[in-house]
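Analysis of the macromolecular model
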Amino acid sequence: MSTEIPYAADAEMSLTYDELDVLRTQYLKEVAQDYVTNQTKFNFAWGLVKSPMREHQVEGVRLLQDIYRAEPQRRRECLYYLALGHYKLGNFEEARRFNGLLTEKEPTNLQAQSLKQLIDRGVAREGYIGMALVGGAAAVGTLILAGLIRRAARK
């Protein structure tokens, strides 16, 4: 039996433009009628979070946060997609927080476990980039200091 955790496929799979357009059209129709159901808002937010476009992801997270705050009975279904949205936006601490809330409620949720691994890799990658930037800045500083010392020694 495999010990591999099922991949959080939502992290990289997006809807087609036409599929997202159906959700957008329904959402905008309800907005125009001054009554947007939570299901329509959730469906549109879900599609936006799955999008590869950052501005869609930001809007999807905003809509999910609205639902999360306003509808306590819908919080559980928002948690995974809030975590996923923040992960895709590079907000790893927020992603970790929402995913942690989900795993507290559902410790055996395999998607949440898989997403945790992706978040942890993102945090590690961000840490490596940070270390490389600090190392590069230190190297440049050392070169500048060496140049100044040489210049001062010639005088």
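What comes next is a walk through the structure. Every value quoted in this text rests on a predicted model; they were computed, and no experiment measured them.

Think of a pair of aromatic rings as described by two things: how far the centres are apart, and how the planes are tilted against each other in angle. In this structure the tally under the stated criterion is 5 aromatic pairs. Judged by centre distance (4.9 Å) and plane angle (25°), the ring pair of Y27 and F44 falls under stacked. Separated by 17 residues along the polypeptide, Y27 in helix α1 (residues 17–32) and F44 in helix α2 (residues 38–50) bring together distant segments of the chain. Centre to centre, the rings of F42 and Y81 are 6.1 Å apart; their planes meet at 80°, and the pair counts as edge-to-face. With F42 in helix α2 and Y81 in helix α4 (residues 75–89), the pair connects residues that are 39 residues apart, well separated along the chain. There is no split in this pair, since F42 and Y81 are both buried. Ring pairing ties together the aromatic residues F42, Y80 and Y81, which thus form one cluster. When the ring centre of F42 is taken as origin, the NZ or CZ atom of R74, which lies over that ring, is 6.0 Å away. Over the ring of Y68 we find R75; its NZ or CZ atom is 5.1 Å from the centre of that ring.

What counts, and where the lines are drawn
Residues numbered from 1 in each chain as written. Predicted model: local features only at pLDDT ≥ 70, side-chain atom pairs only at ≥ 80, totals over all residues. Heavy atoms only, no water. Phe/Tyr/Trp six-rings, centres within 6.5 Å; stacked < 30°, edge-to-face > 60°. Helix = DSSP H or I, 4+ residues; strand = E, 2+ residues; numbered from the N terminus. Buried < 20%, exposed > 50% of the residue type's maximum accessible area, 1.4 Å probe, protein only. Lys NZ or Arg CZ within 6 Å of the ring centre and 35° of its normal.

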